[in-house]
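Listed below, chain by chain, are the residues.
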Amino acid sequence: MESVEVLVAHIQGLSRSPDEVSHLHSLLKQSEDALRSHASRLAPFLSQLDPSIHTLGYLFLLEAYSSGSISGEEASGFLLTVVEFINSCSAEQIQLAPEKFISVCKSFKDQVMQLGVPMQGIAPLWMAVRKLQTSTEQLTTLHSDYLLLCLLAKCYKAGLSILDDDIFEVDHPRDHFLYCYYGGMINIGLKRFEKALACLHNVVTAPMTTLNAICVEAYKKYILVSLILNGQVPSFPKYTSSAAHRNLKNYTQPYVDLANFYASGKFSELEACIQTNQEKFLSDSNLGLVKQVLSSLYKRNIQRLTQTYLTLSLQDIANVAQLNNPKEAEMHVLQMIQDGEIFATINQKDGMVSFHEDPEQYKSCRMTEHIDFSIQRLMALSKKLSSLDDNLSCDPQYLSKVGKERQKFDFDEFDSVSHKFM
Amino acid sequence: MEELSVHSREEKNVEEIARRFVPYGGRKKSPLGFYLAMDLSPIQKDLASKCYSAVADTCDDLMLKLASRGIRYQDEWPFAIHLLGHVFANDLNSARFLWKSIPLEIKESRPEIVAVWKIGQCLWTRDYAGVYDAIRGFDWSAEITAMVVAFSENYTKKMFQMLNSAYSTISVTDVAHFLGMSEDRAIDYALQHGWKLDSSCKMVIVKKPKTVTERKLDPSKLQRLTEYVFHLEH
C-alpha cells in the first residue's frame, strides 16, 4: 500500500508539462504489477486525484481497479466514476496509453450490459470514441462497442453520429467486421436500406482467409436487404475473398431459397417458403426483415407494370399484384407515390392510373448543388487513393516482394533499339 | 427549518459520494437523482420558441446525458413531448423505439403518452383519417396543446400536397377523408387552391401548382468547373 501512496504522490507532482508526464509514464509502467496486486483497494486513492489534470495516473489506477473483480454493490459507483473520468479526461494524455483506456471502456461496457442499463453507456462511450480517435477517419475498437450499446438500448439514431463518419484507417480487422455488421443493423432499424446494404457489403467482401460467423450473419441480412431494396441479390464482386465466395451460400441455404422464390414473383410460393423456414428465420432474429421482404413483393410487382403500361385500370393492378380489390390497389399505389417509389397519377373518375417518367430534369439549382457536392467528394477520395498508392510504392516490404518477382531481362532485349540502326 | 439544513448538508456530500464507490444495492434511486432536480430547460426553450422540429433531438441528447449519470429519469421525463417531437419530424422509427422503451407503469398512469402514440400509430399504418381522430379525441394539457395544433396544421398541408401530386381527379368524399374536414369545408379548401369541382359526379379536378425551380447559376460555379477540369487533367 505504501508503494501506491508513493505513486499517487508522483502522479500529483508530475502532471504539469509533457516531459514530466512522459517521466511519469515510465514510472507508472514499472508499477503496473504492484497496482494490480492492490486492485480492490485502489478506490480511495482515486478520490485524491483530479481526472482532468492527472489523467494518465488516474487511468493506470482505474485500469488496475477494473481488471480485478467488481462486486455488485460497487458496480454502480464504478460506472459513475468511469463516466466522470471519460467526460473530464485530457485526450493528449489518453493517447499515451490507448490500450489502457480501451480496457477501462470495455470493462465499463461489460458492467453496463451486466446491470442491464445499456442507455447509461451511450453518451460516455461516444465521448470516449471521440477522445481516443486521432482523427474522425480512424476506426477504433470502441466504435463497435458504442454501436452495440445503441442497438441494445434501441437508441438507433444515436448510432448515426458515429456511423456517418467516413472511415479510412482500420487497425484491427475484427473491429471492422463488427463495426460494419452493427452499422448494417442500425441502418436496417432506421430503414436506411441503401446504407445498410453498403455496410453489409463491406463485411461480406472484406479480405479474410477463413469464413467467420459475423460474415455469415451479415450475408443473411445482405440477401434480405437486397431483396427489399432492389428485388434481387447481386453476385459476388471480383474482390470478394475466395473463402467467402466458396462457402457463404452453404451456410445460408434458407435465405438463398427465399431469394429464388422471390424472383419468381409468386406471392403464395414465397409465403410457403417462409412458412417452412420460419423457425430458422426466428432463431436468427431475422423474421421481421423476412416479413418486410414479403410485403415488398407487392411493390415489386406494381413497379414492373410501370415498365410495360402507360395507363392501367385499378382493377387490373389489383389482379396483377394479387390484391383483393381496386381500393386496396389504389391505397398501395398512393403509398408508393408518397414514398417516391413510382411516378403516377390516379384518376378516380375513370378508375385508372397513369404512369409517368421521372419528372426530374436535372436542370435546377438544387440538383446542381447535389452534383457539385458529389463531385467534390469524389475528388477528395481520388486524392486520398493516389496518396495511398504513392505511400505503398515506397513501402520497403512491397518493393522487396516486387523486386523478387521481376523477371530477369535478357541482354538482347536492351539492344532492341540499337539493332535497327546497324 | 431543521429539515432544510439537513438537506443542504447532505447536498455537499453528494459529490464526494459520487467519487467514492458507495454501495446502494437496495435503493432504486441513485444519490444524484434523489437530491438534484432534472434540468429540462432546453426542452422548454424549444417549446417556447416554437422550434418543434428541434424538440426530438434536444430530448434525445438530454435523455442520454441523464441516463449516463445513472439518474432514474423515467418518472419525471416528458415522454409525451418527446414522442410528439419524433412524430413532428416524421421520424416514426425513433417514435416506435421510444414507445417500446417506456416502462409499462408509466404508460398506464399517463394517458397523454398513449394518446400521442395513437397519432404515431395511425401515421405508421397510413390510417390517414385516423390521425385527425387521434388529434381531436383527446383533451391535451396546456404544455403540449400548441405543439399538437402546429402538427395538425402541418399534417393537413402535407396531405393536400400528397393529393396534389398523386391524383388527377378525386371524389369529394375522399378529399374530406384525407383532409379531416366536412365535405363542404373540403370543397371550399380545394376551390381556394385552384381546384375545380365537377358537381355532377361529386369529383374534384386537381390543378397542380406551377413549381418555379431556380435555374440561375452564379459565378462561383465557374470556379468549381475550373477545379474539376484541373483535377481531371492531373
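Coordinates for the structure precede this section.
Overview of the structure. (Residues numbered from 1 in each chain as written. Chains lettered and ligands numbered in written order. Predicted model: local features only at pLDDT ≥ 70, side-chain atom pairs only at ≥ 80, totals over all residues. Heavy atoms only, no water.)

1. Things to note about the packing of aromatic side chains
All names here are of chain B.
Argument step 1. Inspection of the entire model under this criterion finds 20 aromatic pairs over all chains.
Argument step 2. Ring geometry for Tyr-167 versus Phe-178: centroids 6.5 Å apart, planes at 50°, classification tilted. Of this pair, Tyr-167 sits in strand 1 (residues 167-171) while Phe-178 sits in helix 11 (residues 172-179), and the two are eleven residues apart along the sequence. In this structure, Tyr-167 and Phe-178 share a single accessibility class: buried.
Argument step 3. Connected via pairs of aromatic rings, a cluster forms that spans Tyr-52, Phe-88, Tyr-132, Phe-151 and Tyr-155.
Argument step 4. The ring of Phe-97 carries Arg-96 above its face, with NZ or CZ at 5.4 Å from the centroid.
Argument step 5. Residue placement shows Lys-107 over the ring face of Trp-99; its charged tip is 4.2 Å from the ring centre. (Phe/Tyr/Trp six-rings, centres within 6.5 Å; stacked < 30°, edge-to-face > 60°. Helix = DSSP H or I, 4+ residues; strand = E, 2+ residues; numbered from the N terminus. Buried < 20%, exposed > 50% of the residue type's maximum accessible area, 1.4 Å probe, protein only. Lys NZ or Arg CZ within 6 Å of the ring centre and 35° of its normal.)

2. Some words on the interface of chain A and chain B
Argument step 1. Residue-level contacts link 53 residues of chain A with 51 residues of chain B.
Argument step 2. Both sides of the chain A and chain B interface together cover about 4400 Å² of buried area, and 59% of this is carbon and sulfur.
Argument step 3. Considering only the surface of chain A that becomes buried against chain B, Met119(A), Lys157(A) and Gln348(A) emerge as the three largest contributors, covering 13% of it.
Argument step 4. Where chain A touches chain B, the interface holds seven salt bridges.
Argument step 5. Asp91(B) is paired through a salt bridge with Lys157(A); the nearest N and O atoms lie 3.9 Å apart.
Argument step 6. Where chain A packs against chain B, one counts 17 residue pairs in polar contact (both at pLDDT 80 or more).
Argument step 7. Going through the elements one at a time, helix 4 (43-46), helix 6 (72-88), helix 9 (118-132), helix 11 (156-163), helix 21 (326-338), strand 4 (344-347) and helix 22 (365-393) of chain A are the ones with two or more residues in the side of chain A that touches chain B.
Argument step 8. Residue composition of the side of chain A that touches chain B, grouped by class: 24 nonpolar, 16 polar and 13 charged.
Argument step 9. Bridge count between strand 4 of chain A and strand 1 of chain B: two bridges; the pairing is parallel. (Contact = heavy atoms within 4.5 Å. Buried area = accessible area lost by both parts, 1.4 Å probe. Salt bridge = Lys/Arg side-chain N within 4 Å of Asp/Glu carboxyl O. Polar contact = N/O pair within 3.5 Å; in protein donor to acceptor, adjacent residues only side chain to side chain. Nonpolar A, V, L, I, M, F, W, Y, C, P; charged D, E, K, R; others polar. Pairing = 2+ DSSP bridges.)

3. Regarding the packing of helix 6 of chain A against helix 8 (residues 98-114) of chain A
Relative placement of two packed helices is described by the angle separating their axes and the distance separating the axes.
Residues and elements named next belong to chain A.
Argument step 1. Relative orientation of the contacting elements helix 6 and helix 8 amounts to 140°, with a least axis distance of 10 Å. The angle between the axes of helix 6 and helix 8 places the two elements in the oblique class. The element helix 6 and its partner helix 8 pack so that their crossing is left-handed. In this structure, helix 6 contributes Ala-75, Phe-78, Leu-79, Val-82, Val-83, Phe-85 and Ile-86 to the contact, and helix 8 contributes Phe-101, Val-104, Cys-105, Ser-107, Phe-108, Gln-111 and Val-112.
Argument step 2. Of the residues in the contact of helix 6 with helix 8, the class split is twelve nonpolar, two polar and no charged. (Axes fitted to C-alpha atoms, helices over the stretch in contact; angles between N-to-C directions. Parallel < 35°, antiparallel > 145°, perpendicular 65-115°, else oblique. Left-handed = near helix turned anticlockwise from the far one by under 90°.)

4. Comments concerning the pairing of strand 4 of chain A
All names here are of chain A.
Argument step 1. Residue alternation in strand 4 divides its side chains into two sets, Ala-344 and Ile-346 and Thr-345 and Asn-347, and both sets are buried.
Argument step 2. Pairing of strand 4 with strand 5 (residues 352-355), which is carried by four bridges, proceeds in the antiparallel orientation. Across the sheet, the residue bridging to Ala-344 is Phe-355, located in strand 5.
Argument step 3. Between strand 4 and the antiparallel strand that follows it, strand 5, lie four residues; Gly-351 among them carries a positive phi value of about 70°.

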